[in-house]
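# Chain and residue survey
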Amino acid sequence: MTRFDVLLAVTVVIISVLVWGIAGRTSREAPWPGSVDGLAFSAYRHGQDPARDQYPELDTLREDLRLVATRTRAVRTYGVDGTLALVPALAGEHGLEVTAGVDLGADIPGNDARIRRLAAVVEASRNVARVIVGNEAVLDGRLTVAQVVAALDAARARIAVPVSTAEPWHVWLRNPRLAAHVDFITVHLLPYWEGVPVDDALAFVDARMADLARAFPGKPILIGEVGWPSRGRDRAGAEASPADQARFLSRFLARAEAAGWDYFLMEAFDQPWKRRHEGGVGAHWGVWNVDRAPKLDFAGTVEPLPHRWLAALATAALALAAFAALRRDGASMGRPGRALLATAALTGAGALVWTVHAHMGQYWTVPMTAVAVLVGAALLGALAVLLVEAHEWAEARWRPARRHPAPHVDDGRLPMVSLHLPVCNEPPEMVRETLRALAALDYPRLEVLVIDNNTRDEALWRPVEAACAALGERFRFFHQERLPGFKAGALNHTLARTAPDASVIAVIDADYLVAPGWLRAMVPHFADRSVAIVQSPQDYRDGAQSAFKAMCHAEYRGFFRVGMVIRDARNAIIQHGTMTLVRRSALEAAGGWGEWTITEDAELGLRLMANGARAVYLPASHGRGLTPDNFLDYKRQRLRWALGAVQILRRHRATLLSRGPGRLTAAQRFHFVAGWLPWLADGANLVLVAGAMVWSTLMILAPRAFEPPIALLSAIPVGLFTARLLKHAHLYRTRVGAGWRDTAYAALAGIALMPTAGLAVLLGTLGRRRPFLPTPKLARRHSVTGAIAAASGETATALGLLAVAAAAGTLVGGDDLAAWRLMLVVMCLPFAGALVLSLVSALPGGRRQVASSAAVPETS
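Here goes a summary of the coordinates provided. (Residues numbered from 1 in each chain as written. Predicted model: local features only at pLDDT ≥ 70, side-chain atom pairs only at ≥ 80, totals over all residues. Heavy atoms only, no water.)

### Some points on the overall build of the chain
Under the convention used in this document: A helix here means a DSSP run of H or I that spans at least four residues, while a strand means a run of E at least two residues long, and both kinds are numbered starting from the N terminus. Throughout, radius of gyration means the C-alpha value; the globule benchmark is 2.2 Å times the number of residues raised to the power 0.38. Residue burial is assigned from relative accessible area. The probe radius is 1.4 Å, only protein chains are included, and a residue is buried under 20% of its type maximum, exposed over 50%, and partly exposed in between. Contact between two residues is taken to exist if any of their heavy atoms lie within 4.5 Å; hydrogens are not considered. Using the Shrake-Rupley algorithm and a 1.4 Å probe, accessible areas are obtained, with residue cover drawn only from the displayed protein chains. When charges are counted, neither His nor the chain ends are considered; positive counts come from Lys and Arg and negative counts from Asp and Glu. Where a charge lies is defined by one atom per residue type: Lys uses NZ, Arg uses CZ, Asp uses CG and Glu uses CD.
Helix and strand content of the chain: 28 helices and 19 strands. For the chain, the C-alpha radius of gyration of 37 Å lies well beyond 29 Å, the compact-globule estimate for 860 residues. Each of the three principal axes of the chain carries a C-alpha extent, and together these read 120 × 60 × 45 Å. Expressed as a percentage of its 860 residues, the buried residues of the chain come to 55%. When contacts within the chain are restricted to residue pairs at least 6 apart in sequence, those whose partners lie at least 24 apart make up 80%. For the chain, the accessible area works out to roughly 35000 Å², and carbon and sulfur atoms hold 59% of it. Of the side-chain charges in the chain, 92 are positive and 77 negative, and the distance between the mean point of each set is 6 Å.

### Considering the packing of helix α12 (residues 366-398) against helix α22 (residues 666-701)
The test is simple: Axis lines are fitted to C-alpha atoms, over the contacting stretch for helices. Their N-to-C directions set the angle, which ranges from 0 to 180 degrees. Here a crossing is called left-handed whenever its near helix is offset anticlockwise from the far helix by less than a right angle, and right-handed whenever the offset is clockwise. Gly is put with the polar residues, along with every residue not named as nonpolar or charged; the nonpolar set is Ala, Val, Leu, Ile, Met, Phe, Trp, Tyr, Cys and Pro, and the charged set is Asp, Glu, Lys and Arg.
Between α12 and α22, whose axes approach to 9 Å, the crossing angle comes to 145 degrees. Like other packed secondary-structure pairs, α12 and α22 cross with a definite hand, here left-handed. Taking contact as the criterion, the partners of Val371, Ala378, Ala384, Val385, Val388, Glu389, His391 and Glu395 in α12 are, on α22, Phe670, His671, Ala674, Leu677, Pro678, Ala681, Leu688 and Trp695. Looking at side-chain class alone, the contact of α12 with α22 contains twelve nonpolar, two polar and two charged residues.

### Considering the nonpolar core
What counts is decided by this rule: Nonpolar core, defined: a set of buried Ala, Val, Leu, Ile, Met, Phe, Trp, Tyr and Cys residues in which side-chain atoms within 4.5 Å join the residues together.
One finds Leu435, Leu438, Trp518, Leu581 and Phe631 to be the most contacted residues of the largest nonpolar core, which totals 85 residues. It is helix α17 (residues 547-568) that contributes the most residues to this core, eight residues altogether. Other than its neighbours up to four places away in sequence, leucine 438 contacts Leu419, Leu421, Leu446, Val448, Phe475, Ile508 and Val514. Leu143, Ile221, Trp228 and Val287 belong to the second-largest nonpolar core, a separate cluster that totals 84 residues.

### A closer look at helix α24 (residues 740-752)
Where we set the bar: By this rule the span expected of a helix is its residue count minus one, scaled by 1.5 Å.
The end-to-end C-alpha distance of α24, which contains 13 residues, comes to 18 Å, matching closely the 18 Å that a straight helix rising 1.5 Å per residue would cover. Burial in α24 covers these residues: Thr743, Tyr745, Ala746, Ala747, Ala749, Ile751 and Ala752.

### Points about helix α19 (residues 600-610)
With eleven of its eleven residues buried, α19 lies for the most part within the structure. For α19, every residue scored as buried is listed here: Glu600, Asp601, Ala602, Glu603, Leu604, Gly605, Leu606, Arg607, Leu608, Met609 and Ala610. Two residues or fewer after α19 comes glycine 612, characterised by a positive phi angle close to 95 degrees.

### Examining the sheet that holds strand β13 (residues 475-480)
The condition that has to hold: When DSSP finds two or more bridges between two strands, those strands count as paired.
Pairing within the open sheet is mixed, and its seven strands lie in the order β13-β12-β11-β14-β17-β16-β18. Unpaired on one side and paired on the other, β13 and β18 (614-617) mark the two borders of the sheet. Between one strand and the next, the sheet's axes are offset by a mean angle of 20 degrees, whatever the strand orientation. Note that strand β14 (residues 502-507) and strand β17 (residues 580-583) share four bridges and pair antiparallel. Looking across to β17, one finds that isoleucine 505 is bridged to valine 582.

### Here we look at unusual backbone geometry
For the bond from methionine 266 to glutamate 267, the omega torsion is 0 degrees, close enough to zero to count as cis. With phi around 60 degrees, glutamate 136 is a residue other than glycine that occupies positive phi space. By the secondary structure assignment, glutamate 136 is in the loop between β5 (128-135) and α5 (145-158). Even without being glycine, asparagine 571 reaches a positive phi, approximately 50 degrees.

### What about the pairing of strand β6 (residues 163-168)?
What counts here: A clockwise course of the path from the first strand over the helix to the second, judged with the strands pointing away from the viewer, identifies a crossover as right-handed.
Where burial is concerned, most of β6 is hidden: six out of the six residues are buried. Both faces of β6 are covered, namely the face carrying Val163, Thr165 and Glu167 and the face carrying Ser164, Ala166 and Pro168. Where β5 lies against β6, three bridges are found, and the strand directions are parallel. Paired with isoleucine 132 across the bridge in β6 is serine 164. For the crossover from β5 across α5 to β6, the handedness is right-handed. With three bridges connecting them, β6 and strand β7 (residues 185-189) associate as parallel partners. If you follow alanine 166 over to β7, its bridge partner there is threonine 186. Note that the unit made of β6, helix α6 (residues 169-174) and β7 has a crossover that is right-handed.

### Some thoughts on the side chain of aspartate 539
The test is simple: Any pair of nitrogen or oxygen atoms within 3.5 Å is treated as a polar contact; in protein, a donor-acceptor pairing is required on top of that, and neighbouring residues in sequence qualify only through side-chain atoms on both sides.
Note on placement: aspartate 539 falls in the loop between β16 (531-535) and α17. Looking at aspartate 539, its side chain comes within polar contact range of the side chain of serine 621, at 2.8 Å. At 3.3 Å, the side chain of aspartate 539 and the side chain of arginine 624 are in polar contact. Excluding residues within four positions of it along the chain, aspartate 539 makes contact with Tyr512, His553, Ser621, Gly623, Arg624 and Gly625.

### Quick word on the packing of helix α1 (residues 3-23) against helix α11 (residues 335-358)
Keep this limit in mind: Geometric relationships in this document are graded by angle, where less than 35 degrees denotes roughly parallel, more than 145 denotes roughly antiparallel, 65 to 115 denotes roughly perpendicular, and other angles denote oblique.
Where α1 contacts α11, the axes come no closer than 10 Å and their chain directions differ by 30 degrees. With respect to each other, α1 and α11 are oriented roughly parallel. For the pair α1 and α11, the sense of crossing is right-handed. Across the interface between the two elements, Phe4, Asp5, Leu8, Val12, Ile15, Ser16, Trp20 and Ala23 from α1 touch Arg335, Arg338, Ala339, Ala342, Leu346, Val353, Trp354 and His357 from α11.

### Here we look at the environment of alanine 43
Tracing the chain through its elements places alanine 43 in the loop between β2 (39-40) and α2 (58-68). Here alanine 43 falls in the buried class, since its relative accessible area comes to 2%. Beyond its immediate stretch of four places on either side in the chain, alanine 43 contacts Gln48, Pro56, Leu61, Asp64, Gln271 and Arg292.

### Description of the packing of aromatic side chains
The cut-off we apply is this: The rule is short: rings of Phe, Tyr and Trp, with Trp giving its six-membered ring, pair when the centres are within 6.5 Å, and they are stacked under 30 degrees, edge-to-face over 60, tilted in between.
By the definition in use, this model includes 24 aromatic pairs. When the ring of phenylalanine 41 is compared with that of phenylalanine 269, the centres are 6.1 Å apart and the planes differ by 65 degrees; the resulting orientation is edge-to-face. With phenylalanine 41 in the loop between β2 and α2 and phenylalanine 269 in the loop between β9 (262-265) and α9 (275-278), this pair connects stretches of sequence that are 228 residues apart. The exposure class of phenylalanine 41 is buried, given its relative accessible area of 4%. Judged by its relative accessible area of 0%, phenylalanine 269 is buried. One aromatic cluster is present, formed by Tyr192, Trp193, Trp228, Phe248, Phe252, Trp261, Tyr263 and Trp285 through successive ring pairs.

### Observations regarding the pattern of salt bridges
As a reminder, the rule being used: The salt bridge criterion pairs a side-chain nitrogen of Lys or Arg with a carboxyl oxygen of Asp or Glu, the two atoms within 4 Å.
Within the structure shown, the criterion is met by 51 salt bridges. Across the pair arginine 156 and aspartate 183 runs a salt bridge whose closest N-O atoms are separated by 2.9 Å. Of the two residues, arginine 156 is situated in helix α5 and aspartate 183 in the loop between α6 and β7; the sequence distance between them amounts to 27 residues. On the basis of relative accessible area, aspartate 183 is assigned to the partly exposed category, the value being 30%. With a shortest N-O distance of 2.4 Å, lysine 727 and glutamate 392 are connected by a salt bridge. Here glutamate 392 lies in helix α12 and lysine 727 lies in helix α23 (residues 711-736), a separation of 335 residues in the sequence. For lysine 727, a relative accessible area of 9% translates into the label buried. The structure contains a network of salt bridges with shared partners spanning Glu389, Glu392, Arg567, Arg724 and Lys727.

### Overview of the pairing of β16
Across the five residues of β16, five count as buried, placing the element largely inside the fold. Where β16 meets β18, four bridges bridge the pair, whose relative direction is parallel. Its bridge partner being in β18, glutamine 535 is matched across the sheet by tyrosine 617. Inspection of the sheet shows β16 paired to β17 by three bridges, in the antiparallel sense. Within β17, the residue paired with valine 534 across the bridge is leucine 581.

What follows is the structure, given as structure tokens:
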């Protein structure tokens, strides 16, 4: 490790400590009085729910009342069913005064029975100072004002202590008739539910108390519930957090003492069962948590991020571990590259620790746990992609490329090359152009074997046969109507018919026009006996014919000018089945081309490298083919590549994961897996898109039961998408040498193919087999309707994402939905991009033609 790396490591630690320290710095509020006026008392514990007639046991009630007696003089209860009827008597054992209550339901006879039970409890208890009949029954619409008035009158007739009902402030002001039937006003003042920021909350309480005093002069006012939640959704400017709970309660208690208010804090203990009625926030209003541990520092210290120093240590440790792994054997990487790696490691570690910290203190249900596992897996996957993308970015931009000086080999020592050209249902005029280019190759020892497989139309293969015959004895033609194994089967068929003295096998596609000097530039590298593969890039000659083809061409260039150059430095290139040369002995020792996969080229390269062979990648372009003519064919080509990658990962997972002699090096394993990781991420993204749409729909239908996750989880896919765009733009400008137009073209094309790559990954993961579908050449351009049909699935998904994003904002609301809706919009971009690119493919372009071999210069 260099001194610069040590400096980066120290910087990572310092930033971790500073960020967590500043974000979690403590503050002081007024200390709590020795005893507060009252606490709302619901004593349900884990797994208990009044809706299922599950009530606290007597022993736990005694323990809870003993605990609250250390902080208050009175408690407010909400029912007299089950063991709750014994609370006043048990509270009396600890000198606690009780404001007893019952809730009112829509069933009027049931309410009469409840009031009778309440009257019996009051009569049996000396410490019940007053009662509250009904809890927000008018607000919830369970009862009309007249029905509540009737219940109040019945209670006042039976019960000797003062009687009231509990409603929020606005219900009292809108229904002054209620005040005539109560002995005191019981008001709920909960600024959080009103979306009032914590710094304005006390002024809000002051104003509402003044409003009630003016509306009901001479009527005593009891604040029946006042408090702040420690966790849950943000509402407008109100944040549910431990720090804001501590701030509000300390400030309220000081103000209440000065003003002489009578109150009950909401509430003594967290109540997880309330999630069903109020969403996640309903579980987190307690002064103590559900395990009876205090959530607040009663001395007035406000700590926004408990355990922040442990979080800082965890962030630093994870970041340093990730940085060490990323910079492994990266001493030759420039300082900016290593700084980028450190930044990515710190960002990923911070996001992970922050997410875990934000979910501490939750009360987990089985559905919540299942969702958390899925979201956690997605988070880890996103962070893995972030680190891999950063590594590729740093290597591509700030690590010297591998050089392969070509040895000089006299013509008499150049090995015999057998060039194999598989053809299947290709336009004859295009193949004839390819053959003429091969005939012009400047190489002394060469044979060309053309294998036409599974073409039944004689009008397609007979002209090719005739063209081979006309070109002389170096060209041999084979036709097989029923040849299994796709392209690999054709290549194996040809390999068995190769000249005995040919030691190098070359492969090109039927649409490629090669430059005359191709073989002279490539073959000499086989003088090194360890070299088994010599590869030059796929390139294309028709990018100027239309905007669509220009986009395709621009998108292809990034892989061959960036990804392959990086992999070449670690002897980990992905072999491609055109413009590739293979040592024959290595090919035959490996068992030939794999007929079980639709990407036989990449699979062969992996097997050869696992056998210890070396590969040479030369970025100079020596041949150019044709890009797809429409978006549907472009998608099918990418589907084949990505599905083949998953097939290889499944078949060779032991090779990719194991160590030992005769296996891949660590760098090779990393690059093979990391190279396909973006496609794997696209597959996971399809699952996340489906999950996000389902979750959004559930939020719209049941907003209290289904809430958006914390903003950071929504921000991670947005941040990852942004980081990938920045990397793309930087490398296209600095390494591909593209202008801004081509950079944008490539970005749009790559984004538009993400759903297709994702679909391929899912199909491959499920073990679905697909036939080998070669990309048609000189096909018809789509009409506008055909272009829309080609992207119909993506279009429907894009519209669905936009619809749920709009509906969530309209029907659910809340500032905390902004990050979630932004995530849905970002998720929509690849699907919308597919429609855009498909429509572009329908635009008229230049006249299509088969370029001559003279138009294919050799470029570096």
